[in-house]
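A structural walkthrough
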Amino acid sequence: MTVLTIILLAMVTFLTRYLFIHPKLPLNIGPRLERFLSYSGPTVLTAIWVPIIFVEHGKFNSDWSNPYLIAAIIAIIVAKVTRNVYLTIGLSVSVFVLCKFYLFT
Amino acid sequence: MSSNAKTSVLNQALKKGFWDMLPLNLAVIPWGILCGSLAIQRGFSEFESMLMPALVFAGAVQLVSIELIASNTSIITLLFTAFIISSRHFLYGLALRHKMKQLTTKWRLSLGFLLTDELFALSGHKRSFVGKVRCYYALAAGGSFYVNWLIWNALGVTAGNIFPDLTELGLEFAIAATFIAIVIPAVVNLPTLVSIVVAGVLAVVFELWHWQFGLVAAAVIAMFSGYSCELLLKRMNRGLSE
């Protein structure tokens, strides 16, 4: 029974991933919709990363002793200045580890 | 191109896909272990516990549905909840449709199956999924994420009880760092800036409301804001030039 439920769940997640890339789906994306959709990347990713920074156990945390906040600011600055993905991740994760496990403990 | 040169280009694409996904792979370790061990704790068999990551392959859907199945929630509620959580993928399919619908059935089905938040994050390039090399890149990135997810789920299933709660370690900061590194350089004009500010603010508000549909709602409203701003700027420019 649980196996069947899991298969149904899998069909739901696959459907949401696959539906709109299926070529036979009668859907033509016009130039306006295409411009609208061009904002999907930055907005979805931002809607995922900003809550990671500010929401902790269901509560808003904008305290300066929040290691996520400090490290995110570093990440934004490094990304803006260098545009280098690896450098941004490397430096900000280092700052995060430093803040979380050494400075604010 | 000689066949040797071709192979080395494809090899490079595979390697780059693997390395680009690595930070995101590390970031989800605690969640993989949590999904596996939670399934066992809630009375799933080992086979069922592994079927979840193998077929459903979605962290948030797995965590929520394990709890719902364990509390004997009706199948309709369960599937509807999974649908809502998973509905953000519709945006990915829509955004990538013009490129991914061109792929052969094999590529489309496999890359479609692998199209997680993480793979979408690495799909922002103009030529993503265009041509064999880019498909190999996506396969390595998405495929390594899949294998990685299976491994940590399996560890949770077999040894979940000996691990402390790793979700407190803050490994998900790596997700934030990666997404910041991808998004910030893409903010090249006012409409994009407006759209990400709206996305960030609304996502936090909706998350505090514990609203399952919040992520999609925040993204769609933000996309509208960005697009409206773009139209407004165009109209103002036209007004000035007339």
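Residues numbered from 1 in each chain as written. Chains lettered and ligands numbered in written order. Predicted model: local features only at pLDDT ≥ 70, side-chain atom pairs only at ≥ 80, totals over all residues. Heavy atoms only, no water.

**Some remarks on the overall build of chain B**
Under the convention used in this document: For the purposes of this entry, the term helix denotes a DSSP run of H or I that reaches at least four residues, the term strand denotes a run of E that reaches at least two, and both are numbered from the N terminus. Between buried and exposed lies partly exposed: a residue is buried under 20% and exposed over 50% of the maximum accessible area for its type, with that area taken using a 1.4 Å probe on protein chains only. Note on contacts: a residue pair is in contact if any heavy atoms of the two residues lie within 4.5 Å.
Secondary structure summary: chain B contains twelve helices and zero strands in total. Seen along its three principal axes, the alpha-carbon backbone of chain B occupies a region of about 70 × 55 × 35 Å. Evaluated residue by residue, chain B yields a buried proportion of 52% over its 242 residues. For chain B, contacts bridging at least 24 residues in sequence account for 74% of all contacts bridging at least 6.

**Considerations on the packing of aromatic side chains**
Note the threshold: Here a Phe, Tyr or Trp ring, Trp counted by its six-membered ring, pairs with any other such ring whose centre lies within 6.5 Å, and the pair is stacked when the planes are under 30 degrees apart, edge-to-face when over 60, and tilted otherwise.
Throughout the structure, instances matching the rule amount to 20 aromatic pairs over all chains. Ring geometry for A:Phe20 against B:Phe90: centres 5.5 Å apart, planes inclined by 75°, an arrangement best described as edge-to-face. Note that A:Phe20 is positioned in the loop between helix 1 (2–18) and helix 2 (31–37) and B:Phe90 in helix 6 (residues 88–100), a pairing that runs across two chains. According to the relative accessible area criterion, A:Phe20 is buried, its value standing at 17%. Look at B:Phe206 and B:Trp211: their rings are 4.9 Å apart centre to centre, the planes differ by 85°, and that puts the pair in the edge-to-face class. The exposure class assigned to B:Phe206 is buried, which follows from its relative accessible area of 8%. The exposure class assigned to B:Trp211 is partly exposed, which follows from its relative accessible area of 41%. The rings of A:Phe14, A:Tyr18, B:Phe57, B:Phe113, B:Phe145 and B:Tyr146 are connected pair by pair, giving a single aromatic cluster.

**A short note on the environment of A:Ile89**
Secondary-structure assignment places A:Ile89 in helix 5 (residues 85–103). In the structure, A:Ile89 is positioned 45 residues away from A:Val44 in sequence and 19 Å away in space, judged by C-alpha atoms.

**A few points about the interface of chain B and chain A**
Interface extent is often summarised as the accessible area lost during association of the parts. Which entries qualify depends on this criterion: Throughout, buried area stands for the accessible area (probe radius 1.4 Å) lost by two parts on being put together, summed over both. Salt bridges are identified by distance alone: a Lys or Arg side-chain nitrogen within 4 Å of an Asp or Glu carboxyl oxygen. Identification of polar contacts relies on pairs of N or O atoms within 3.5 Å, with a donor-acceptor requirement for protein atoms, meaning one able to donate a hydrogen and the other able to accept it, and with residues adjacent in sequence counted only if both atoms are side-chain atoms.
Contacts between chain B and chain A engage 80 residues on the former and 65 residues on the latter. The junction of chain B with chain A conceals about 6,700 Å² of combined surface from both sides, 77% of it contributed by carbon and sulfur atoms. Its largest share of buried area at the contact with chain A, chain B owes to B:Arg97, B:Phe173 and B:Met223, together 12% of the area lost on that side. Taken together, chain B and chain A are joined by one salt bridge. The salt bridge partner of B:Glu230 is A:Arg35, with a shortest N-O separation of 2.8 Å. There are 18 residue pairs in polar contact (both at pLDDT 80 or more) connecting chain B and chain A.

**Regarding helix 7 (residues 105–113) of chain B**
Definition in use: By definition, the arc is the one covered by directions from the helix axis to the C-beta atoms.
Where helix 7 of chain B is concerned, the buried positions are B:Trp107, B:Arg108, B:Leu111 and B:Gly112. End-on view of helix 7 of chain B: buried residues confined to an arc of 120°, all on one side of the axis.

**Points about the nonpolar core**
Under the convention used in this document: Here, the term nonpolar core denotes a set of buried Ala, Val, Leu, Ile, Met, Phe, Trp, Tyr and Cys residues that are joined through side-chain atoms within 4.5 Å. Note that the domain bounds were set by an automatic or database domain assignment.
Counting 89 residues, the largest nonpolar core has A:Leu9, A:Ile53 and B:Phe173 as the members making the most contacts within it. A domain split of this core shows at least three residues from each of domain 1 (3–167) and domain 2 (187–242) of chain B. With sequence-adjacent residues up to four places away left out, A:Leu9 is seen in contact with B:Met52, B:Val56, B:Val61, B:Ser65, B:Ile69, B:Leu78, B:Leu79 and B:Ala82. A:Ala47, B:Ala203, B:Phe206 and B:Ala217 belong to the second-largest nonpolar core, a separate cluster that totals five residues.

**Here's the deal with the packing of helix 5 of chain A against helix 10 (residues 173–183) of chain B**
Let me state the cut-off plainly: A fitted line through C-alpha atoms serves as each axis, taken over the contacting stretch for helices, and the angle formed by two N-to-C directions is quoted from 0 to 180°. With the far helix as reference, a near helix turned anticlockwise by less than a right angle produces a left-handed crossing, and one turned clockwise produces a right-handed crossing. Under the scheme applied here, ten amino acids are nonpolar (Ala, Val, Leu, Ile, Met, Phe, Trp, Tyr, Cys and Pro), four are charged (Asp, Glu, Lys and Arg), and all others, including Gly, are polar.
As a packed pair, helix 5 of chain A and helix 10 of chain B sit with axes 9 Å apart at the nearest point and diverge in direction by 145°. You can see that helix 5 of chain A and helix 10 of chain B cross each other, and the crossing is right-handed. For the pair helix 5 of chain A and helix 10 of chain B, contact is made by A:Val85, A:Thr88, A:Ile89, A:Ser92, A:Val93 and A:Phe96 and by B:Phe173, B:Ala174, B:Ala177, B:Thr178 and B:Ala181, respectively. Each residue belonging to the contact of helix 5 of chain A with helix 10 of chain B can be placed in one class, and the counts come to eight nonpolar, three polar and no charged.

**A short note on the domain arrangement of chain B**
Residues and elements named next belong to chain B. We note that the domain assignment places domain 1 (3–167) and domain 2 (187–242) within chain B. For domain 1 versus domain 2, the separation of C-alpha centres amounts to 28 Å. Taken together, the contacts link seven residues of domain 1 with seven residues of domain 2. Both faces combined, the contact of domain 1 with domain 2 buries some 530 Å², and carbon together with sulfur accounts for 81% of it. For the pair domain 1 and domain 2, the interface holds zero salt bridges. For the pair domain 1 and domain 2, the number of links is zero residue pairs in polar contact (both at pLDDT 80 or more). At the level of secondary structure, the elements contributing two or more residues to the side of domain 1 that touches domain 2 comprise helix 5 (75–86) and helix 6.

**A look at unusual backbone geometry**
At A:Arg83, a residue that is not glycine, the phi angle is positive and equals roughly 55°. Its location among the elements puts A:Arg83 in the loop between helix 4 (67–82) and helix 5. Looking at A:Arg83, the relative accessible area reads 52%, which means it is exposed. Phi is positive for B:His210, which is not a glycine, with a value near 55°. Within the secondary structure layout, B:His210 lies in the loop between helix 11 (190–208) and helix 12 (214–241).

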